[in-house]
Number of protein chains: 2
Amino acid sequence: MIRPIGSDELLPRFVYDVDEHHKLMHEAESLPSVLISSQAAGNAVMMGGGYFTPLQGFMNVADAMGAAENMTLTDGSFFPVPILCLLENVDAIQGASRIALRDPNMEGHPVLAVMDVEAIEEVSDEQMKIMTQKVYRTEVMEHPGVAAFNSQGRMAVSGPIQVLHFSYFQDDFPDTFRTAVEIRNEIKERGWKRIVAFQTRNPMHLAHEELCHMAMERLNCDGLVIHMLLGKLKPGDIPAPVRDAAIRKMVELYFPPNSAMVTGYGFDMLYAGPREAVLHAYFRQNMGATHFIIGRDHAGVGDYYGPFDAQAIFDEEVPKGALDIEIFKADHTAWSKKLNKVVM
Amino acid sequence: MIRPIGSDELLPRFVYDVDEHHKLMHEAESLPSVLISSQAAGNAVMMGGGYFTPLQGFMNVADAMGAAENMTLTDGSFFPVPILCLLENVDAIQGASRIALRDPNMEGHPVLAVMDVEAIEEVSDEQMKIMTQKVYRTEVMEHPGVAAFNSQGRMAVSGPIQVLHFSYFQDDFPDTFRTAVEIRNEIKERGWKRIVAFQTRNPMHLAHEELCHMAMERLNCDGLVIHMLLGKLKPGDIPAPVRDAAIRKMVELYFPPNSAMVTGYGFDMLYAGPREAVLHAYFRQNMGATHFIIGRDHAGVGDYYGPFDAQAIFDEEVPKGALDIEIFKADHTAWSKKLNKVVM
């Protein structure tokens, strides 16, 4: 199988040992604790599931700036976006070496993770500005990702974490949520050798389906992992069970046996376009995919990004050799009346 | 695919609609509530995952007695064991039409399910005695299943439930716990037609592995579902992550691609031998298996059951036509020095 990034094996930060897990749950109740942002919680869940291997926890400011500026941390390792735990107020954890991070997305704010604090630093306005510009390529607050990033506090608490649960994702999407560990396990069981991953937040229509078929055929893949972003829906969104059922039915009807799996992961969308595309590729390699489909305006919003910026960044900005996963660059698709099928 | 029992589709009692789920979580906080037994909680988790389809909730005493006496409920439908919610004290829910059931196995006892109460009845000593004798074939309190069953209260609260989470099983075994819905989904994706299920609580040794190979070969199965009982371990038990890793490695080394999946379910072991074997077959049909392996002293404990009682019950006591799943009756296995392999 394709190697995880920077490691011979996945390094999920979830505490799998049941005794250790229970011990930590108890310890956490007596630790100084803070309520973290939804973005930070999403990062913790991803680290819990092994998706951000080899990252062990939240970055300090120097690493975050390195990630933003050239996708390179201070130790030279590769990571495409800052992974920060930004707080407004650190009074409750001042001087503590070990703290509990509370989940903003769950009733009662249970402890999501325990952190060994290595630093608490203030992020300057200038640093926020640089990170915003580098990651989102804009600073306008109308951009939902820029707004979410900058709505957090300015105090960055950093250090390795131990993750205690997967937030609301397991509760709300019990049949679809998967860790990177689970997806690697299943790919191994299925015996797939060349695996293409497809990112979606919505039910897939015909063009998406055809895109997956084309990618599998042209790349000679024996497996497709449909990997859904799971998260809070906005009013008017298609309900998650309907979306899942629609995608499963599509797989049942239009994909051969043992050629596709339907899965999901829990994360807050960044809407960072090109940079998010690199992050998407990063964690698809970690879950065992050898190829990743990037189409028009991948992970974009509004008209902040050119239609193929999220493809170009892999040639222009990603450090050479940083990723083993290969990008399938999808063009516009259209229905050909002449051929009576989707063409690209 | 093989039909679920008594229904064209699975009827999981988990509330999948996210809005409805959140609404129920809030409603539950203001409902009269009771702490239920660990056995009842296990039943709720199984109903949540669709394993007990078409059962919609906890049985009343007449149905429970029917299940115990001849595996037949008052409406004529089949169920192999009583599924009761037995409480010591019902003062807190007296007169309530809707109540919250609290989880005894989770810190803080969160609400596990909401019930529409149809009846609250006292179970007589005579009825407890009959159920115990019928299900466990003994009444001695040294039998751990008998002890657990009789340690519950005598007030049976019954009615349909809506399940809100999967107790500690998802938290403690995030990469292995599966609902019946998930297993059916995956069987469909994998394209398997003839599927044999294997029950285990422990790492599998060579004889187990060979048993699975023999079953697949003789039954002409294209899929094996290794289905682990997940639950609280006793001191000295092999830790769950070690057990899982051992089984996954066995599959990787000794099973062809796309021929086996490693999964688990959450339930309290009954140690009811033959009756539990029937329950095991019941929920394996619901998860999509066409065949189920039953070996020597299946689900037994001590010397309460004969080595092949758990096979004979399918011919002697299970109502004709109640189950579509077929039983693979495994004999003793042994190592043949002459053949240099496991023989049966």
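Calculation rules
Residues numbered from 1 in each chain as written. Chains lettered and ligands numbered in written order. Predicted model: local features only at pLDDT ≥ 70, side-chain atom pairs only at ≥ 80, totals over all residues. Heavy atoms only, no water. Helix = DSSP H or I, 4+ residues; strand = E, 2+ residues; numbered from the N terminus. Buried < 20%, exposed > 50% of the residue type's maximum accessible area, 1.4 Å probe, protein only. Contact = heavy atoms within 4.5 Å. Areas by Shrake-Rupley, 256 points an atom, 1.4 Å probe, with all protein chains shown as cover. Pairing = 2+ DSSP bridges. Axes fitted to C-alpha atoms, helices over the stretch in contact; angles between N-to-C directions. Phe/Tyr/Trp six-rings, centres within 6.5 Å; stacked < 30°, edge-to-face > 60°. Buried area = accessible area lost by both parts, 1.4 Å probe. Salt bridge = Lys/Arg side-chain N within 4 Å of Asp/Glu carboxyl O. Polar contact = N/O pair within 3.5 Å; in protein donor to acceptor, adjacent residues only side chain to side chain. Nonpolar A, V, L, I, M, F, W, Y, C, P; charged D, E, K, R; others polar. Least-squares fit on C-alpha atoms with pLDDT ≥ 70 in both. Domains from an automatic or database assignment. Disulfide = S-S within 2.5 Å. Left-handed = near helix turned anticlockwise from the far one by under 90°.

1. A closer look at the overall build of chain A
Then comes step 1: Secondary structure summary: chain A contains 11 helices and 14 strands in total.
Then comes step 2: With the C-alpha coordinates aligned to their principal axes, the bounding extent of chain A is approximately 70 × 45 × 40 Å.
Then comes step 3: Going through the 344 residues of chain A one by one, you find that 61% of them count as buried.
Then comes step 4: Pairs at least 24 apart in sequence give 78% of the contacts found in chain A among residues at least 6 apart.
Then comes step 5: Carbon and sulfur atoms make up 50% of the accessible area of chain A, which amounts to about 13600 Å² in all.

2. Topic: the side chain of Asn43 of chain B
Then comes step 1: Relative to the assigned elements, Asn43 of chain B resides in helix H2 (residues 38-48).
Then comes step 2: Discounting chain neighbours no more than four positions away, the residues touching Asn43 of chain B are Phe52, Phe58, Ile83, Leu84 and Phe267 of chain B.

3. Some remarks on the sheet that holds strand S12 (residues 326-329) of chain B
Residue and element names in this part refer to chain B.
Then comes step 1: On the basis of which strands lie adjacent, the open sheet formed by five strands has the order S10-S9-S8-S11-S12 and parallel pairing. Edge strands, defined here as strands with exactly one partner in the open sheet, are strand S10 (260-266) and S12. Taking each pair of neighbouring strands and ignoring which way they run, the sheet shows an average axis angle of 30°.
Then comes step 2: Here strand S9 (residues 223-230) runs beside S10; their pairing, made up of seven bridges, is parallel. Pairing of His227 across the sheet is with Thr263, part of S10.
Then comes step 3: Sheet contacts for helix H7 (residues 180-190): strand S8 (195-200), S9 and S10; angle to S10, the most-contacted strand, approximately 170°.
Then comes step 4: Helix H8 (residues 206-219) contacts S8, S9, strand S11 (291-294) and S12 of the sheet and is inclined by roughly 160° relative to S8.

4. Some details on the packing of aromatic side chains
Two measures describe an aromatic ring pair: the distance that separates the ring centres and the angle between the ring planes.
Then comes step 1: Per the counting criterion, the structure on display carries 30 aromatic pairs over all chains.
Then comes step 2: Here Phe169 of chain B and Phe177 of chain B contribute two aromatic rings whose centre-to-centre distance is 6.2 Å and whose plane-to-plane angle is 10°, an arrangement assigned as stacked.
Then comes step 3: By relative accessible area, which is 2% here, Phe169 of chain B ends up buried.
Then comes step 4: Ring-pair connections join several aromatic residues into one group, and the members of that group are Tyr51, Phe52, Phe78, Phe79, Tyr265, Phe267, Tyr282 and Phe283 of chain A.

5. Considering the interface of chain B and chain A
Then comes step 1: Contacts between the two partners involve 36 residues from chain B and, on the opposite side, 36 residues from chain A.
Then comes step 2: Summing both sides of the interface, chain B and chain A together bury roughly 3100 Å²; the carbon and sulfur share of this comes to 46%.
Then comes step 3: In this assembly, chain B and chain A are joined by eight salt bridges.
Then comes step 4: With a closest N to O distance of 2.8 Å, Glu182 of chain A and Arg178 of chain B form a salt bridge.
Then comes step 5: At the boundary of chain B and chain A, one finds 19 residue pairs in polar contact (both at pLDDT 80 or more).
Then comes step 6: Sorting the residues of the side of chain B that touches chain A by element identifies helix H1 (18-29), helix H6 (169-172), H7, helix H9 (240-254) and S10 of chain B as the ones contributing at least two each.
Then comes step 7: Counting residues per element, the side of chain B that touches chain A draws most heavily on H7 of chain B, at seven residues.
Then comes step 8: Split into classes, the residues belonging to the side of chain B that touches chain A amount to 13 nonpolar, 10 polar and 13 charged.

6. Digging into the pairing of S10 of chain B
Then comes step 1: For S10 of chain B, the buried fraction is high: seven of the seven residues fall into the buried class.
Then comes step 2: Here S10 of chain B shows two buried faces, one formed by Ala260, Val262, Gly264 and Gly266 of chain B and the other by Met261, Thr263 and Tyr265 of chain B.

7. Details of unusual backbone geometry
Then comes step 1: In this model, Thr53 of chain A is joined to Pro54 of chain A through a cis peptide bond whose omega is 5°.
Then comes step 2: Its location among the elements puts Pro54 of chain A in the loop between helix H2 (38-48) and strand S2 (57-58).
Then comes step 3: A positive phi is found at Ala299 of chain A, a non-glycine position, where the angle reads about 60°.
Then comes step 4: Turning to its location among the elements, Ala299 of chain A is positioned in the loop between strand S11 (291-294) and helix H11 (309-316).
Then comes step 5: Its identity is not glycine, yet Asn220 of chain B carries a phi of approximately 60°, on the positive side.
Then comes step 6: Here Asn220 of chain B shows up in the loop between H8 and S9.
Then comes step 7: The class for Asn220 of chain B is exposed, based on a relative accessible area of 58%.

8. As for the relation of the copies chain B and chain A
Between the two chain copies there is a screw-like relation: a rotation about an axis and a shift along it.
Then comes step 1: The operation relating chain B to chain A is a screw motion whose rotation component is 180°, with 0.0 Å of axial translation and a residual RMSD of 0.0 Å. Read as a symmetry element, the transformation amounts to a two-fold axis.
Then comes step 2: In this assembly the copies share their binding face: 100% of the residues contributing to the interface of chain B also contribute to that of chain A.

9. A few points about the domain arrangement of chain A
All names here are of chain A.
Then comes step 1: For chain A, the assigned domains read domain 1 (18-170) and domain 2 (176-343).
Then comes step 2: Each of domain 1 and domain 2 has a C-alpha centre, and the two are 26 Å apart.
Then comes step 3: Counting residues at the interface gives 37 residues for domain 1, matched by 36 residues for domain 2.
Then comes step 4: Across the interface of domain 1 and domain 2, roughly 3000 Å² is buried in total on both sides, 66% from carbon and sulfur atoms.
Then comes step 5: Three residues, Tyr51, Phe78 and Arg137, lead the burial of domain 1 against domain 2; their summed loss comes to 26% of the area buried on that side.
Then comes step 6: Inspection of the domain 1/domain 2 interface yields two salt bridges.

10. Focus: the state of the cysteines
Residue and element names in this part refer to chain B.
Then comes step 1: According to the stated counting rule, one finds zero disulfides over all chains in the structure shown.
Then comes step 2: Note on Cys212: no disulfide assigned, nearest cysteine sulfur contributed by Cys221 at a separation of 11 Å.
Then comes step 3: Of the residues examined, Cys221 reaches a relative accessible area of 11% and is grouped as buried.

11. What to know about the packing of helix H3 (residues 61-70) of chain A against helix H4 (residues 125-136) of chain A
All names here are of chain A.
Then comes step 1: Relative orientation of the contacting elements H3 and H4 amounts to 35°, with a least axis distance of 8 Å. Between H3 and H4 lies a crossing of left-handed hand. Counting all contacts with H3, which are made through Val61, Ala64, Met65, Ala68 and Glu69, the residues of H4 involved are Gln127, Ile130, Met131, Lys134 and Val135.
Then comes step 2: Among the residues forming the contact of H3 with H4, the class breakdown is seven nonpolar, one polar and two charged.

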